[in-house]
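Coordinate analysis (summary)
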Amino acid sequence: MTTLPALEAVQACKAQGWTASEQLDRALRIAFWSDHRCISLRHVILDIAAETDGVDEIKLQQALDHGTFRSSVIDQFDQAGGGRVNCSPHVFLADGTNVPNPGVRVSWLNGGFGAAFPAINDDDPAAITRLLKRAAELVGR
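Residues numbered from 1 in each chain as written. Predicted model: local features only at pLDDT ≥ 70, side-chain atom pairs only at ≥ 80, totals over all residues. Heavy atoms only, no water.

1. Remarks on helix α1 (residues 4-14)
Note the cut-off: We call a residue buried when its accessible area falls under 20% of the maximum for its residue type, exposed when it is over 50%, and partly exposed in between, using a 1.4 Å probe and counting protein chains only. Each helix is a run of H or I in the DSSP string that is no shorter than four residues. Each strand is a run of E no shorter than two, and both are numbered from the N terminus.
Within α1, 8 of the 11 residues are buried, which leaves the element mostly enclosed by the surrounding structure. Those residues of α1 that sit buried are Pro5, Ala6, Glu8, Ala9, Val10, Gln11, Ala12 and Cys13.

Here you go:
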């Protein structure tokens, strides 16, 4: 399954504000990992957007239909091509810390990565807060 449309939707929501983008990003991740919804389908993305506070699904639909933010996703893909990024998100800090999929621990049912069904074993949203605090400490040096 491709996640390109979902990635594009998150980029499109940045035009609505960081909060809208973050809310949709989290909702799409939950839909994929927990609910096993197919986030590569436009109508599924728009349904999730409609269920997400702070997201204007009409603006999102227009951006998706016009491909407005496709190039930004492709640019990010090109930048990540160095092989250091294991998954999305993969957070890198100035002190060398790198954490793929912060706060989430998964396993794969009936197979391995990408060939089976993902199951979330642990979800700690506070992991992001801890990383942001650490990044702020590094900037403050």
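2. Remarks on the side chain of His90
Worth spelling out the cut-off: Contacts between residues were defined by any pair of non-hydrogen atoms, one from each residue, lying within 4.5 Å.
Tracing the backbone shows His90 in strand β1 (residues 90-92). Under the relative-accessibility criterion, His90 is labelled buried at 12%. Setting aside residues no more than four positions away along its own chain, His90 makes contact with Arg84, Val85, Asn98, Val99, Pro100 and Asn101.

3. Some words on the side chain of Glu8
Relative to the helices and strands, Glu8 is located in helix α1. Setting aside residues no more than four positions away along its own chain, Glu8 makes contact with Ala63, Leu64, Gly67, Thr68, Phe69, Arg70 and Val73.

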